[in-house]
Amino acid sequence: MATTEQREPIRASLDKQPHEVASMFDGVAKRYDLTNTVISGGQDRYWRWATRRALALRPGERVLDLAAGTGVSTVELGKSGAWCVAADFSQGMLAAGRFRQVPMVAGDAMALPFADDSFDAVTISFGLRNVADIDLALREMLRVTKPGGRVVVCEFSTPVFGPFRTVYMEYLMKALPRVARAVSSNPDAYVYLAESIRAWPNQRRLARRIADAGWDSVQWRDLTGGVVALHRGYKLG
């Protein structure tokens, strides 16, 4: 009698062991983009557009899209005319995005498989929060960026209006997992998502960490009332 193997849902812990995080994203890869659009109310498209604008890319520049997942963010960056490569440490996410026909490389943010001074710009969207050593990843991004180049970090952050912040945190911990249960292949992963957002540093503290990693002139811009923040910095020439 044939049996069907049941795969246990994988949920990473907040100590962010790389194998746990990669396995978790492998498990949500198939419906990842759809789930993000649903739980963000379609704001994910706006956040990708705003990230491209913040990078101020020019045709012919070389851009690293780190933690790119299925490459949907890389496609958006490519609208600038820049040459963009997607990098992620989840093989499942990269495989789910192969149809997008963008260059893809398997790589860990803490040990990037690129030479020094390789890119005019580096960006990471909703991925820095999942790295075990954030400061090491920021230094690695600095290493592979050319002098005069820039970084943009797009990440969930802290809403700036108190009453909205309270409502948002309630949504994260209660409504988001229920929404994910309806559309995601691994809703337990979105419990981790909610927990990791709550534990993440606010805009000012993240800016300080980016600067401490060696980036210059670090500033940020809030999106959607601070639900997301874009942090930008430069590598001195």
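By convention here, each chain's residues receive numbers from 1 onward along its written sequence. Only residues with pLDDT of 70 or above have their local features reported here, since the model is predicted, and side-chain atom pairs are shown and tallied only from 80 upward, although totals for entire chains, interfaces and linings are computed over all residues. Water and hydrogen atoms play no part in the side-chain values, which are based on all heavy atoms of the structure.

Looking at this structure, how should I read helix α1 (residues 18-28)?
Residues separated by three or four positions in an α-helix point in the same direction, a consequence of the helix having 3.6 residues per turn. When a residue's accessible area, from a 1.4 Å probe over protein chains only, is under 20% of the maximum for its type it is buried; when over 50% it is exposed; and in between it is partly exposed. Per the convention used, a helix needs a DSSP run of H or I reaching at least four residues, while a strand needs a run of E reaching at least two, with both numbered from the N terminus. Val21, Ala22, Met24, Phe25 and Val28 are the residues of α1 that are buried. One face of α1 carries all of its buried residues, which in axial projection span an arc of 160 degrees. Turning to α1, the residues buried within the fold contact α2 (32-39), α5 (91-96) and α8 (188-199). Arc definition: directions from the helix axis to the C-beta atoms. Contacts are assigned to residue pairs that have any heavy atoms within 4.5 Å of one another.

For this particular structure, what's the right way to read the UniProt feature "binding site: S-adenosyl-L-methionine" (unreviewed entry) in the protein?
UniProt positions are given in the numbering used here, feature names are shortened, and annotations may be inferred rather than shown by experiment. The residues that UniProt annotates with the feature "binding site: S-adenosyl-L-methionine" (unreviewed entry) are Thr70, Asp88, Asp108, Ala109 and Ser125. Mapped onto the secondary structure, Asp88 falls in strand β2 (residues 83-88). The exposure class of Asp88 is buried, given its relative accessible area of 7%. Not counting chain neighbours up to four residues away, the residues in contact with Asp88 comprise Ala67, Ala68, Gly69, Leu94, Val105, Ala106 and Gly107. A polar contact is formed between the side chain of Asp88 and the backbone nitrogen of Gly69, at a distance of 2.8 Å. The buried category is assigned to Ala109, whose relative accessible area is 10%. Contact partners of Ala109, with chain neighbours within four places excluded, come to Leu66, Val131, Ala137 and Glu140. We call two N or O atoms a polar contact when they sit within 3.5 Å, provided that within protein one can donate a hydrogen and the other can accept it, with sequence-adjacent residues counted only if both atoms are side-chain atoms.

Help me understand helix α9 (residues 203-212), please; the structure alone is not making it clear to me.
The complete set of buried residues in α9 reads Gln203, Leu206, Ala207 and Ile210. Seen end-on, α9 carries its buried residues on one side only, within an arc spanning 105 degrees. Set apart from the buried face of α9 by more than 90 degrees, the exposed residues are Arg204 and Asp212. Its side-chain oxygen at 3.3 Å from the backbone nitrogen of Arg204, Asn202 defines the N-terminal cap of α9.

Where do I start with unusual backbone geometry in this structure?
Negative phi characterises most residues that are not glycine, and trans characterises most peptide bonds. The residue Gln101 is not glycine, and still its phi comes out positive at about 60 degrees. In this structure, Gln101 sits in the loop between α5 and β3 (104-106). Residue classification places Gln101 among the exposed residues on the basis of a relative accessible area of 68%. We note that Asp117 has phi near 55 degrees; this positive angle belongs to a residue other than glycine. With respect to the helices, strands and loops of the structure, Asp117 is situated in the loop between β3 and β4 (119-125). The exposure class of Asp117 is partly exposed, given its relative accessible area of 36%.

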